Amino acid sequence: MAALTPWYVAQLGAREHYAIPRSLHARSRLGQCYTDLWAGTRCCRMAACIPGMRSLGGRHHRELPDDKVTAWNSASLLRQARARMAGQSSSAYHTFIADGQWFSKKVATAIQRSTVEHALFFSYDTTFLEAARAASERGWKTVVGQMDPGLLEQQLTKEEEQAWHGWTVAPLNVPAAYNERRAMEWASADRIIVNSEWTRDALLAQQVPADKLRVIPLAYDSTYTPLARTMPVSFTQQRPLRVLYLGQVNLRKGIPYLCEAAKCLCREPVRFDIVGPLGITTEAIRKAPNNVHFHGRRDRLDIAALYEQADVFILPTVSDGFAITQLEAMAHGLPVIATTSCADVVIDGVNGQRICPRNVSAICDAVLRYITEPTLLDKHSEGALMRARDYRLNTLADHLVALSAEFN
């Protein structure tokens, strides 16, 4: 029996809680996971006990053995320290390019030293290029993960900045080198993984060959057991419908439309809780109606409580490659109101409601429907729990194994 082709996975940071290397390891298909910083089992236990080191504990996962991970801890920490000392001297996108090149070259050197003859190499966009070239030279097949719709998303964001003047803290400024690097990665890859049809269609419009593209949704495995929810038979000002948004608070996520909808619903028994890093101005926040509450960034340990306190999750996004918060919310038993500009996770009328993006009336109608028909919340909550099961780690592994078979 022929040996199974191993995957070598490179990822900068703890993206998706190491879902891809974890899923491959569970199927005995992971050769090695390359990352910038890895806490290790013993270090992770220490970090959990030492104030100020909790974030380091996030650079680890118990489902990935330490001997399956190669990391450059000293070099990474030194690089981070130098960056802090130098201050912010360039845009975030220039930083993405520099970090991506640095990490990809580290991985390329490791691949060049490898004695493995046949393998699959995977990395995400901006960290793929140099390592993929080294992998190709060894005869390995290469797969890049494209996390967003690229130029389409940038165009939509710029349109939002024009439409909502004075809302954004930092206008989008993407250097040409950033898009050029990603285009070179698409050209050099044997396959390109996208997480939704929304992103696939966007890349097709950017002349990416259809035969390279594969849609593989994100996965979300949770050990959380939702609490039994008892919904009111009606909502009042004392017990309003509690609508939660969680994520980046910026124009791309459709926050202005959510605030405008809240204004229209100011006399209705509804409360909007907006949680996440603030990318809109203090003036925009000040002008929000009283039924909108901004909480800013919250610790990951607080997230479960936020989901428990909510009745509905809302995602008014203008563009998202996937939006994994949909899965998190569903795993907690929350119905989801989401636009069509992201992954098709919501099945309208089954586990939530699908609405058009950039549409205040659509948001109002969806929220009002739950206020006037509260029994729908129980029905859609059950549907959400069922739907979340379709996006588990085992399903992600099935997709990756099927992709492997294309190269046999």
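In what follows, the structure referred to is the one given above.
Here we summarise the structure given alongside this text.

Each value, and the rule that gives it
Residues numbered from 1 in each chain as written. Predicted model: local features only at pLDDT ≥ 70, side-chain atom pairs only at ≥ 80, totals over all residues. Heavy atoms only, no water. Phe/Tyr/Trp six-rings, centres within 6.5 Å; stacked < 30°, edge-to-face > 60°. Lys NZ or Arg CZ within 6 Å of the ring centre and 35° of its normal. 1 Å grid on protein atoms, 1.4 Å probe; cavity = no way out; pocket = protein on both sides within 12 Å on 5 of 7 lines; lining within 4 Å. Points joined across faces, edges and corners; volume = space filled by probe spheres on them. Helix = DSSP H or I, 4+ residues; strand = E, 2+ residues; numbered from the N terminus. Nonpolar A, V, L, I, M, F, W, Y, C, P; charged D, E, K, R; others polar. Pairing = 2+ DSSP bridges. Axes fitted to C-alpha atoms, helices over the stretch in contact; angles between N-to-C directions. Contact = heavy atoms within 4.5 Å. Buried < 20%, exposed > 50% of the residue type's maximum accessible area, 1.4 Å probe, protein only. Core = buried A, V, L, I, M, F, W, Y, C linked by side-chain atoms within 4.5 Å. Disulfide = S-S within 2.5 Å. Parallel < 35°, antiparallel > 145°, perpendicular 65-115°, else oblique. Left-handed = near helix turned anticlockwise from the far one by under 90°. Right-handed = clockwise from strand over helix to strand, strands pointing away.

Before going further, it helps to examine the packing of aromatic side chains. A complete count under the given rule lists 14 aromatic pairs for this structure. Three or more aromatic residues joined by ring pairs make a cluster, and in this case those are Tyr8, Tyr34, Trp72, Phe103 and Trp140. Positioned above the aromatic ring of tyrosine 124, the side-chain terminus of arginine 15 is 4.6 Å from the ring centre.

Okay, empty space enclosed by the protein next. Tallied over the entire structure, the rule returns two cavities of 30 Å³ or more. Each pocket or cavity is described by its volume, and for the largest cavity that value is around 80 Å³. Lining the largest cavity are 14 residues, and of these Ile20, Ile193, Asn195, Ile216 and Leu218 lie nearest its centre. For the lining of the largest cavity, the secondary structure elements donating two or more residues are β4 (120-124) and α16 (393-405). Looking at the lining of the largest cavity, its residues break down into ten nonpolar, three polar and one charged.

To continue, consider the sheet that holds strand β9 (residues 270-275). Taken in spatial order, the six strands of this open sheet run β10-β9-β8-β11-β12-β13, and their pairing is parallel. Each edge of the sheet is formed by a strand with only one pairing partner; in this case those strands are β10 (292-296) and β13 (352-355). Direction aside, neighbouring strands of the sheet carry axes that sit 20° apart on average. Examined bridge by bridge, strand β12 (residues 336-339) and β13 share four bridges and lie parallel to one another. Within β13, the position partnered with valine 336 by the bridge is glycine 352. This element, helix α14 (residues 360-372), spans β8 (241-246), β9, β11 (312-315), β12 and β13 of the sheet and lies at about 165° to β13.

This part takes up helix α6 (residues 129-137). If you check which residues of α6 are buried, you get Leu129, Glu130, Ala131, Ala132, Ala134 and Ala135. Looking at the buried side of α6, the elements it contacts are α5 (92-113), β4, β5 (141-145) and α8 (176-188). Glycine 139, located one to two residues past α6, shows a positive phi value of around 90°.

Further remarks concern the nonpolar core. Ranked by size, the top nonpolar core spans 65 residues in total, and within it Leu241, Phe272, Phe313 and Val367 carry the most contacts. Here this core gets seven residues from one element, more than from any other, and that element is α14. Ignoring sequence-local partners within four residues, the contact set of valine 367 consists of Leu241, Leu265, Val270, Phe272 and Ile337. By size, the runner-up hydrophobic cluster in this structure holds 25 residues, among which are Phe121, Phe128, Ala134 and Trp140.

Turning next to the sheet that holds strand β3 (residues 69-71). On the basis of which strands lie adjacent, the open sheet formed by seven strands has the order β3-β2-β1-β4-β5-β6-β7 and parallel pairing. Each of the sheet's edge strands pairs with one partner strand only, and the pair in question is β3 and β7 (213-215). Mean inter-strand twist for the sheet, computed between neighbouring axes without regard to direction, equals 20°. With five bridges connecting them, β4 and β5 associate as parallel partners. If you follow phenylalanine 121 over to β5, its bridge partner there is threonine 142.

According to the stated counting rule, one finds zero disulfides in the structure shown. Cysteine 266 takes part in no disulfide bond, and the closest cysteine sulfur, belonging to cysteine 264, lies 8.0 Å away. Given a relative accessible area of 47%, cysteine 266 falls into the partly exposed group. Between cysteine 342, a cysteine without a disulfide, and cysteine 356, which holds the nearest cysteine sulfur, the sulfur-to-sulfur distance is 12 Å.

Now for the packing of α6 against α8. With their axes 10 Å apart at the nearest point, α6 and α8 run at an angle of 20° to one another. Accordingly, the angle class assigned to the pair α6 and α8 is roughly parallel. As for the relative orientation of α6 and α8, their crossing is left-handed in sense. Judged by residue contacts, Leu129, Glu130 and Arg133 of α6 engage Arg181, Met184, Glu185 and Ser188 from α8.

This brings us to the pairing of strand β2 (residues 30-35). Side-chain direction in a regular strand flips from residue to residue, so the side chains alternate between the two faces of the sheet. For β2, a buried count of six out of six residues is recorded, marking the element as mostly surrounded by other parts of the structure. Once you follow strand β1 (residues 7-11) into helix α1 (residues 19-26) and on to β2, the crossover reads as right-handed. Here three bridges tie β2 to β3, and the two strands are oriented parallel to one another. Bridge pairing in β3 places tyrosine 34 opposite threonine 70.

Another aspect to go through is the pairing of β9. Across the six residues that make up β9, a large majority, five, are buried. Pairing between β9 and β10: four bridges, direction parallel. By the bridge assignment, valine 275 is partnered in β10 with glycine 296.

So far we have only geometry, and geometry alone does not tell us how the molecule works.
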